[in-house]
Amino acid sequence: MNEYNISYEIASAFFISISIAVLLWTHRKRTERFKRFLILEISVLFGLIFDVLGAVSLDASVSSSKTLPVVLNSLYFFVAGYVGLAYMKYTIAFIGVKTRFQKVMKIFHILFVIAYAALLVINAKTGWIFYIDDEMRYLAGPFHFIIYIPAAYFITGGFFFVIAHRKNLGIREMLSLSGFVFIILGTMIQALIIPNVLLTFFFGSLAVTIILVFVETPDYAYLQEALAELDSAKIEAEKAKNVKSEFLSFVSRELKTPMNTVLGMDEMILRESRDEYISGYARDIATAGNNLMETLNKILDYSDIETGKLEIVNAPYKIATVVREVYKTVVFKSEEKGLKIGCDVGSLVPEVLVGDCVRIRQIMLNLLTNAIKYTHSGSVNLYVGSTEVDDNNIMMEIRVSDTGIGIEEEDLEKIFGTFDRAGDIHSRSGEGVGLGLSIVAKLTDMMNGEIKAESAPGKGSVFIVKIPQKIAEESDLIDNTSDEASKETDAAGPLFKAPGAKVLIVDDNDINRVLEAMLLKETEVQIAQVGSGEEMLAELMGTSYDVILLDHIMPDMDGVEAMKRAKQIERVKNASTAFIAITANTLPGAREEYLRQGFDDFVSKPVNGRRLEEAVMKQLNASLILD
């Protein structure tokens, strides 16, 4: 017996007892991690106690019976194995990751510990692992190595669990948890080589102390708990934000369906009414309805940005065409207020750029409508310029200036916030929900751009958006046909007449079917209507159609499935029937997705009469269209 080594063990036991008391006194929250560390410390303490008692019991002056040292040393080896299990459970609780595999392994570990305890009991009779001779000496049996297997298995298992989840840990945690492993395994190897030196649990207590000092001190534990609560709160906030955005998106899309009917029927009144008063009322309905649709679209855009559904889709586009379209959209509203509006593109801006023209157009529109809203006299101007970055890229600058009421300096930083309209004067005189500038800021950020505002009360405002754009290569250049076609969209009367063409309208909403039929009335096409996908399939078995206007969202069978099943009908194949999707889905890339599914074209709700005519005309055989 080495008294010097025993004194180390006793001192370690005293120190561990103090640290357990401190741990219980200072930790207010008894978390799973706290409980597992406490069990680990208690296991090491009992290991120290049995280690010392086992050594002392071998002294002939203490006891002449072999039973007591066998029992105490057996308990020592059992606790040594259990320390490994306690460490593994602590690492799992520390990292906080739970899997089904752990549940399976929990049963295996229970059986493993029971089997190990049984071996120690059997050893008391057989001496296979260790035995005490007549001179009260501790001697190793032929299978002495077995006592190191449980601790080595559990400790290395915990170490590999730490390594597998190292991304969840900081350097401090990694060093503390890993240091425990190396110290314990090192002392086990020392015990194998020099079994007479009693330092195993001394170093075990040192390893536990390292963990206590570095990652289980009260201050650090409170910090970790606070960070965990903060992460949990952040996750809950993200969930709440997504729920809010999903709700806004759902409500907005549901509102767009009846608005489709309202605006469509109003368009029919404007087309057919000869009474000036009624036409005036209809124009007022159209203005209010379009304002509402603009608000709904902004809410949809905002919710899509918040939930990450909105993507930037880059493609070649002509900046002059975008500016012309934006001008045509806002010129009526500006003239109504008696404002002069100017739109210009700098001479140095390349003709064709590569970017998301839909979102760039949206930025221009939001800035211009915002400027018109808060300008009561004078002018509103849009200017697009550029600065060359290199041979292939430019920094496009969109500058919108107005002579409006201006913004207080302290409010300039607020105007890009959500649902915010800076200043009481804006709130009293403004309309809308305050999303326009917030969407501009978010879209600009998504395109790696920057936005700023300059303003003074009573002197107007200037909004400047800078967005990096690629200069289109020769292979990206686009033709002018779309520009020419867009110039003619305001012509009076139908785009075409095709009395020999057959069009089938498929929609579960009766009013929507009637509306689409009325919007195509002046084209003189032959129209039939059905209310479901099943009815459409039955109709196609007996009649051929040139074009099918197919609503996407329908009960029982949606438009995509109905279209795919219809294309299997021989009559449909022979007639080369075209399918046009009618949907409230206005997300970027929606048209491409419908074309990929097999549709020939796509018309979004609310259905615009001219857009519907264009879509149908494009799919008709030229021989069916009258000159």
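Treat the numbers as computed from the prediction; the structure is a model and nothing was measured.

## So, the overall build of the chain
Phase 1: In terms of regular secondary structure, the chain is built from 20 helices and 14 strands.
Phase 2: When burial is assessed residue by residue, the chain has 45% of its 627 residues classed as buried.
Phase 3: Counting every atom, the chain has about 32,100 Å² of accessible surface; 59% of that belongs to carbon and sulfur.

## Describing a nonpolar patch on the surface
Phase 1: On the surface, Leu119, Ile122, Trp128, Phe143, Phe145 and Ile149 cluster together into a nonpolar patch covering about 560 Å² of accessible area.
Phase 2: In this fold, Trp128 is placed in the loop between helix H4 (100-126) and strand S1 (130-132).

## A short note on helix H3 (residues 67-95)
Phase 1: Taking 1.5 Å of rise per residue, the 29 residues of H3 would be expected to cover 42 Å, and the 42 Å separating its terminal C-alpha atoms lies within 8% of that figure.
Phase 2: The element H3 is largely enclosed, with a buried count of 21 among its 29 residues.

## Looking at helix H15 (residues 510-519)
Phase 1: Of all the positions in H15, only Asn512, Arg513, Leu515, Glu516, Ala517 and Leu519 are classed as buried.
Phase 2: With a side-chain oxygen positioned 2.9 Å from the backbone nitrogen of Ile511, the residue opening H15 is Asn509.

## Quick word on the nonpolar core
Phase 1: Counting 42 residues, the largest nonpolar core has Ile319, Ile363, Met364, Leu382, Met396 and Ile398 as the members making the most contacts within it.
Phase 2: Put simply, the parts of the chain that give this core at least two residues each are helix H10 (319-336), helix H11 (357-373), strand S6 (379-388), strand S7 (393-402), helix H13 (436-446) and strand S9 (460-471).
Phase 3: Looking at which element gives the most residues to this core, the answer is H11, with 8 residues.
Phase 4: Once residues lying within four places of it in the same chain are set aside, the contact partners of Ile363 are Ile398, Val440, Leu443, Thr444, Met447, Val465 and Ile467.

## Details of the pattern of salt bridges
Phase 1: Counted according to the given criterion, the structure contains 17 salt bridges.
Phase 2: Between Arg137 and Asp133 there is a salt bridge, with the nearest N and O atoms lying 2.8 Å from each other.
Phase 3: Notably, a salt bridge pairs Arg137 with Glu135, separated by 3.6 Å at the nearest N-O pair.
Phase 4: Since its relative accessible area comes to 58%, Glu135 is described here as exposed.
Phase 5: When salt bridges with common partners are traced through the structure, they connect Asp133, Glu135 and Arg137 into a single cluster.

## A few points about empty space enclosed by the protein
Phase 1: Overall, the coordinates contain 1 cavity of 30 Å³ or more when judged by the stated rule.
Phase 2: In this structure, the largest cavity occupies an estimated 40 Å³ of space.
Phase 3: What lines the largest cavity is simply Phe78, Gly81, Tyr82, Val113, Tyr116, Pro150 and Phe154.
Phase 4: Secondary-structure elements contributing two or more residues to the lining of the largest cavity are H3, H4 and helix H5 (149-164).
Phase 5: Of the residues in the lining of the largest cavity, the class split is 6 nonpolar, 1 polar and no charged.

## Side note on the packing of H3 against H4
Each packed pair of helices is defined by two parameters, the angle between the axes and the distance between the axes.
Phase 1: Contact pair H3 / H4: the axes reach a minimum separation of 9 Å and the direction vectors enclose 170°. With respect to H4, the element H3 is oriented roughly antiparallel. Residue-level inspection shows Val70, Ser74, Phe77, Phe78, Leu85, Met88 and Ile92 of H3 in contact with H4, the latter providing Gln102, His109, Val113, Tyr116, Ala117, Leu120 and Ala124.
Phase 2: For the contact of H3 with H4, the class distribution of residues is 11 nonpolar, 3 polar and no charged.

## Overview of the sheet that holds strand S10 (residues 502-506)
Phase 1: The 5 strands lie next to each other as S11-S10-S12-S13-S14, forming an open sheet whose pairing is parallel. Since the sheet does not close on itself, it has two edges, and those belong to strand S11 (526-530) and strand S14 (601-604), each with one partner. Across the sheet, the axes of successive neighbouring strands diverge by a mean angle of 20°, strand direction being ignored.
Phase 2: Where S10 meets strand S12 (residues 547-551), 4 bridges bridge the pair, whose relative direction is parallel. Looking at S12, one finds that Leu504 is bridged to Ile548.
Phase 3: Where helix H16 (residues 533-542) meets the sheet, it contacts S10, S11 and S12, and its direction lies at approximately 160° from that of S10.

## Considerations on the pairing of strand S13 (residues 578-583)
Phase 1: Buried residues dominate S13, accounting for 6 of its 6 residues.
Phase 2: A two-sided burial pattern is seen for S13, the buried positions comprising Ala578, Ile580 and Ile582 on one face and Phe579, Ala581 and Thr583 on the other.
Phase 3: Where S13 and S14 come together, 4 bridges link them in parallel fashion. In the strand pairing of S14, Ile580 is matched with Asp601.

## Quick word on the side chain of Gln469
Phase 1: When you line up the elements, Gln469 lands in strand S9.
Phase 2: Under the relative-accessibility criterion, Gln469 is labelled buried at 4%.
Phase 3: Side-chain polar atoms of Gln469 contact the side chain of Tyr317, separated by 2.7 Å.
Phase 4: Apart from the residues within four sequence positions on either side, Gln469 is in contact with Tyr317, Leu353, Val354, Gly355, Ile360, Asn392, Asn393, Ile394 and Met396.

## A few points about unusual backbone geometry
Phase 1: With phi around 60°, Asn448 is a residue other than glycine that occupies positive phi space.
Phase 2: Here Asn448 lies in the loop between H13 and strand S8 (450-456).
Phase 3: Of note in this structure, Glu524 is not a glycine but carries a positive phi near 65°.
Phase 4: Structurally, Glu524 can be placed in the loop between H15 and S11.
Phase 5: For Glu524, a relative accessible area of 37% translates into the label partly exposed.

## Regarding the confidence of the model for the chain
Phase 1: Mean pLDDT over the chain works out to 80, with 82% of the residues at or above the 70 mark.
Phase 2: In this model residues 421-433 is a low-confidence stretch, pLDDT under 50, and it forms 22 contacts with partners more than four residues away in sequence or in other chains.
Phase 3: Throughout residues 478-491 the model reports pLDDT below 50, and contacts reaching past four residues in sequence, or to other chains, amount to 15 contacts.

Analysis parameters
- Residues numbered from 1 in each chain as written.
- Predicted model: local features only at pLDDT ≥ 70, side-chain atom pairs only at ≥ 80, totals over all residues.
- Heavy atoms only, no water.
- Helix = DSSP H or I, 4+ residues; strand = E, 2+ residues; numbered from the N terminus.
- Buried < 20%, exposed > 50% of the residue type's maximum accessible area, 1.4 Å probe, protein only.
- Areas by Shrake-Rupley, 256 points an atom, 1.4 Å probe, with all protein chains shown as cover.
- Patch = residues over 30% accessible without salt bridge, like charges linked within 9 Å, V, L, I, M, F, W, Y side chains within 5 Å.
- Salt bridge = Lys/Arg side-chain N within 4 Å of Asp/Glu carboxyl O.
- Expected span 1.5 Å × (residues − 1).
- Polar contact = N/O pair within 3.5 Å; in protein donor to acceptor, adjacent residues only side chain to side chain.
- Core = buried A, V, L, I, M, F, W, Y, C linked by side-chain atoms within 4.5 Å.
- Contact = heavy atoms within 4.5 Å.
- 1 Å grid on protein atoms, 1.4 Å probe; cavity = no way out; pocket = protein on both sides within 12 Å on 5 of 7 lines; lining within 4 Å.
- Points joined across faces, edges and corners; volume = space filled by probe spheres on them.
- Nonpolar A, V, L, I, M, F, W, Y, C, P; charged D, E, K, R; others polar.
- Axes fitted to C-alpha atoms, helices over the stretch in contact; angles between N-to-C directions.
- Parallel < 35°, antiparallel > 145°, perpendicular 65-115°, else oblique.
- Pairing = 2+ DSSP bridges.
- pLDDT = per-residue confidence, 0-100.

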